[in-house]
Amino acid sequence: MQIFIDLANLIRGWITGMGISEAAAEIVMTAVGAVAVIVFILIHVILLILAERRVSAFFQLRKGPNRLGPIGIGQVLADVVKTLGKEDIIPAGADKFVFKIASTTFFATALLAYAVIPFGEGMIIQDLNIGIFYFIAIGSTATMSVLMAGWSSNNKYAMIGGMRGVAQMISYEIPMVFSLLGVVMLAGSLKMSDIVEAQKNMWFIVPQFIAFLIYYIAATAEINRAPFDLPEGEQELVAGFFIEYSGIRWALFAMAEYANMVAVSAIATTLFLGGWNAPFGLTFIPPFVWFMLKLYVMIFTFLWVRWTFPRLRVDHLMHFGWKFLIPASLANILVTGIGIYIYRAITG
Amino acid sequence: MLTSYAGIAVVLVIGIVFPLILLGVSRILHPKKPTPVKLLTYECGLETIGDTWVQFKISYFMYALIFVVFDVETIFLYPWAIKFQSLGLFAIVEMFIFIAILLLGFWYAWKEGALEWM
């Protein structure tokens, strides 16, 4: 049941058996855990690129890639080989240093969000006291990489895409943060494991349904996914802010985008869908498996929504974020506050 | 106390090293034949006219300003939310007054057209 915890204890015993002190063993174990989680996530991200193509195809009544391998699994290898072998064209007018580091920083900030996600009981890389706050802070840093990519390409499409991307990401940052506030009020802590513990009896999606919807919409806008993918709108800005990137630099952007999607799905699972808690008391399935199942459901809804709604026009997008979602999320905070106060007053 | 952030440092290092490894592998494998035509700026087959690095529209700046105000409000709201259930009525009313003052500013910005996409 607890195979990963047992494995971790085994490795820890082996390390301390070699005569290393407790504190150092702790750091080594964290490092081992971090490498394991990141490898796990990267495998998911690479498979997700294929999964998106297959799922999108089924929504459009066609089959996706199915030539290479049984269900198109060979496509993954083909894509990797292709992107590694493409020539690295940096436009003559581009700002070379910023251009080169933009894809790396985007990828690094996408990975940093995984440090506080609880994959199971006791399976977090770092159970920070400020778990959710850290996640929100990291989410803000992604905007800088978008701006760096858009500006340094010296391409009008890229610049418009980058500026729109930043405007969109900062506009939808606020409803996302305010919607998570309701969860923090209910749980009374920012620590991820406390929040999952507080959902033992009832998942927070039940009292915080509006907050869940607001978070879902704001997260879709934060990760630049349809119907909010105007910064990379294919029909308008040919690939928006990463238009001049080719080969492995583009692949890093794509992987980081999918990693962002998995990260916000994981946060939604942890905060609203009960994390690794088993519903209806079916505890014979390990908590880790429950987390992954809920995560896959959330990821599937992101893929589903992409082909359900038309893309929002940019002024509609900003209007919706500022003039509808922010008042709605503030109202949610007020109602949650009053509700908790009345509940406490009634039950004593 | 800083050791509680060790895992994050490890993730950051992996996040920087892994793309560098991929870029390194790609650099070994990919062809290097730059020609002037390949290095032109892409604009769907046309030539670009005029500079790209021009002054950007003021509306982006307005959104960023109001974002900063609300971001700072968030920083004040989070500690209050953690301790919400053990605070009394006084704290709730005080925070609602705080949010009301910020909403006043938001309403003013809305009325003055700072939130319009020009």
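Conventions adopted
- Residues numbered from 1 in each chain as written.
- Chains lettered and ligands numbered in written order.
- Predicted model: local features only at pLDDT ≥ 70, side-chain atom pairs only at ≥ 80, totals over all residues.
- Heavy atoms only, no water.
- Helix = DSSP H or I, 4+ residues; strand = E, 2+ residues; numbered from the N terminus.
- Buried < 20%, exposed > 50% of the residue type's maximum accessible area, 1.4 Å probe, protein only.
- Contact = heavy atoms within 4.5 Å.
- Areas by Shrake-Rupley, 256 points an atom, 1.4 Å probe, with all protein chains shown as cover.
- Patch = residues over 30% accessible without salt bridge, like charges linked within 9 Å, V, L, I, M, F, W, Y side chains within 5 Å.
- Salt bridge = Lys/Arg side-chain N within 4 Å of Asp/Glu carboxyl O.
- Lys, Arg positive; Asp, Glu negative; His and termini not counted.
- Charge placed at Lys NZ, Arg CZ, Asp CG, Glu CD.
- Expected span 1.5 Å × (residues − 1).
- Polar contact = N/O pair within 3.5 Å; in protein donor to acceptor, adjacent residues only side chain to side chain.
- Nonpolar A, V, L, I, M, F, W, Y, C, P; charged D, E, K, R; others polar.
- Phe/Tyr/Trp six-rings, centres within 6.5 Å; stacked < 30°, edge-to-face > 60°.
- Domains from an automatic or database assignment.
- Buried area = accessible area lost by both parts, 1.4 Å probe.
- Axes fitted to C-alpha atoms, helices over the stretch in contact; angles between N-to-C directions.
- Parallel < 35°, antiparallel > 145°, perpendicular 65-115°, else oblique.
- pLDDT = per-residue confidence, 0-100.

A.B. asks: So what exactly am I meant to see when it comes to the overall build of chain A here?
C.D. replies: Assigned secondary structure in chain A consists of twelve helices and zero strands. Overall, chain A shows an N-to-C arrangement of helices and strands of α-α-α-α-α-α-α-α-α-α-α-α. Of all 348 residues assigned to chain A, the portion counted as buried reaches 56%. Across chain A, contacts joining residues at least 24 apart in sequence account for 76% of those joining residues at least 6 apart. In the form shown here, chain A has an accessible surface area of approximately 14300 Å², with 71% of it arising from carbon and sulfur atoms.

A.B. asks: Got a minute to help me understand a positive patch on the surface in this structure?
C.D. replies: Where like charges cluster on the molecular surface, the positive patch consists of Lys96(A), Lys100(A), Arg27(B) and Lys32(B). Along the polypeptide, Lys96(A) turns up in helix 4 (residues 96-112). For Lys96(A), a relative accessible area of 42% gives the class partly exposed.

A.B. asks: Would you mind going over helix 3 (residues 89-111) of chain B with me for this structure?
C.D. replies: One turn of the α-helix equals 3.6 residues, which is why residues spaced by three or four share an orientation. Taking 1.5 Å of rise per residue, 23 residues should cover 33 Å, and helix 3 of chain B covers 32 Å from first to last C-alpha, within 8% of that figure. Looking only at helix 3 of chain B, the buried set comprises Ala91(B), Ile92(B), Met95(B), Ile99(B), Leu102(B), Phe106(B) and Ala109(B). Looking at the buried positions of helix 3 of chain B, the neighbouring elements they touch are helix 12 (314-347) of chain A together with helix 2 (58-82) of chain B. Just beyond helix 3 of chain B, the residue with positive phi is Gly113(B), at close to 85°.

A.B. asks: What exactly am I supposed to notice about the interface of chain B and chain A here?
C.D. replies: The parts lose accessible area when they come together, and the size of an interface is often stated as this lost area. Listed by partner, the interface residues are 64 residues for chain B and 78 residues for chain A. Between Lys38(B) and Glu87(A) there is a salt bridge whose closest N-O contact spans 2.7 Å. Remark: the boundary between chain B and chain A carries eleven residue pairs in polar contact (both at pLDDT 80 or more). Contributions of two or more residues to the side of chain B that touches chain A are made by helix 1 (6-29), helix 2 and helix 3 of chain B. Per-element accounting of the side of chain B that touches chain A gives the leading share, 16 residues, to helix 1 of chain B. A breakdown of the residues in the side of chain B that touches chain A according to their chemical character gives 45 nonpolar, twelve polar and seven charged.

A.B. asks: Can you walk me through the packing of aromatic side chains in this structure?
C.D. replies: The description of two aromatic rings rests on the distance between their centres and on the angle between their planes. Within this structure, the stated rule accounts for 34 aromatic pairs over all chains. Considering the side-chain rings of Phe119(A) and Phe291(A), the 5.4 Å spacing of their centres and the 70° angle between planes classify their relative orientation as edge-to-face. With Phe119(A) in the loop between helix 4 and helix 5 (131-152) and Phe291(A) in helix 11 (residues 287-306), the pair connects residues that are 172 residues apart, well separated along the chain. Among the residues examined, Phe119(A) registers a relative accessible area of 5% and is labelled buried. When its relative accessible area of 0% is taken as the criterion, Phe291(A) is described as buried. Where Phe133(A) meets Tyr78(B), the ring centres are 5.3 Å apart and the plane angle is 50°; that geometry is what we call tilted. Placement of Phe133(A) in helix 5 and of Tyr78(B) in helix 2 is noted, with the two residues assigned to different chains.

A.B. asks: Please explain a nonpolar patch on the surface as it appears in this structure.
C.D. replies: Taken together, the side chains of Ile338(A), Tyr341(A), Ile342(A), Ile346(A), Leu89(B), Val93(B), Ile97(B) and Ile101(B) define a hydrophobic patch exposed on the protein surface, amounting to about 760 Å² of accessible area. For the nonpolar patch, the secondary structure elements donating two or more residues are helix 12 of chain A together with helix 3 of chain B. In this structure, Ile97(B) sits in helix 3.

A.B. asks: What is the right way to read the environment of Phe18(B) from this model?
C.D. replies: Here Phe18(B) shows up in helix 1. We classify Phe18(B) as partly exposed; its relative accessible area is 26%. Not counting residues up to four positions away in its chain, the partners in contact with Phe18(B) are Leu42(A), Phe107(A) and Met255(A).

A.B. asks: Mind showing me how you'd approach the domain arrangement of chain A here?
C.D. replies: All names here are of chain A. What the domain assignment reports for chain A is domain 1 (1-85) and domain 2 (90-347). Listed by partner, the interface residues are 23 residues for domain 1 and 31 residues for domain 2. Both faces considered, domain 1 and domain 2 share a buried interface measuring about 2400 Å² in area, 81% of it formed by carbon and sulfur atoms. Among the residues domain 1 hides against domain 2, the three largest losses belong to Leu48, Glu52 and Phe59. Together they make up 23% of the total. Counting the contacts that link domain 1 with domain 2 gives two salt bridges. Two residues, Glu52 and Arg306, come together in a salt bridge whose shortest N-O distance is 2.8 Å. Listed by contribution, the elements that provide at least two residues to the side of domain 1 that touches domain 2 are helix 1 (3-17), helix 2 (22-59) and helix 3 (74-85). Examining the composition of the side of domain 1 that touches domain 2, we find that 17 residues originate from one element, helix 2, more than from any other.

A.B. asks: Help me out: how do you make sense of the packing of helix 8 (residues 209-222) of chain A against helix 10 (residues 247-271) of chain A in this one?
C.D. replies: Axis angle and axis distance: for two packed helices, these are the angle between their axes and the distance between the axes, and together they describe the pair. All names here are of chain A. Packing of helix 8 against helix 10 brings their axes to within 11 Å, and their N-to-C directions diverge by 170°. It follows that helix 8 is roughly antiparallel to helix 10 by the angle criterion. Between helix 8 and helix 10, the contacting residues are Phe212, Tyr215 and Ala219 on the first element and Val264, Ile267 and Ala268 on the second. Taken together, the residues of the contact of helix 8 with helix 10 sort by class into six nonpolar, no polar and no charged.

A.B. asks: Even after reading the chapter, I still don't get the confidence of the model for chain B, so can you show me in this structure?
C.D. replies: When pLDDT drops low, the exact placement of atoms in the prediction is not to be read closely. Confidence along chain B averages 87 in pLDDT terms, with 99% of residues attaining 70 or more. Interface confidence for the predicted complex, given as ipTM, is 0.91, next to a pTM of 0.92.

A.B. asks: How should I be thinking about unusual backbone geometry in this particular structure?
C.D. replies: If a residue is not glycine, its phi is most likely negative; likewise, a peptide bond is most likely trans. Residues and elements named next belong to chain A. One non-glycine residue with positive phi stands out, namely Asn154, at about 55°. In this structure, Asn154 sits in the loop between helix 5 and helix 6 (156-187). Positive phi, normally seen in glycine, also occurs at Asn224, with a value near 55°. Examined against the element boundaries, Asn224 turns out to sit in the loop between helix 8 and helix 9 (234-237).

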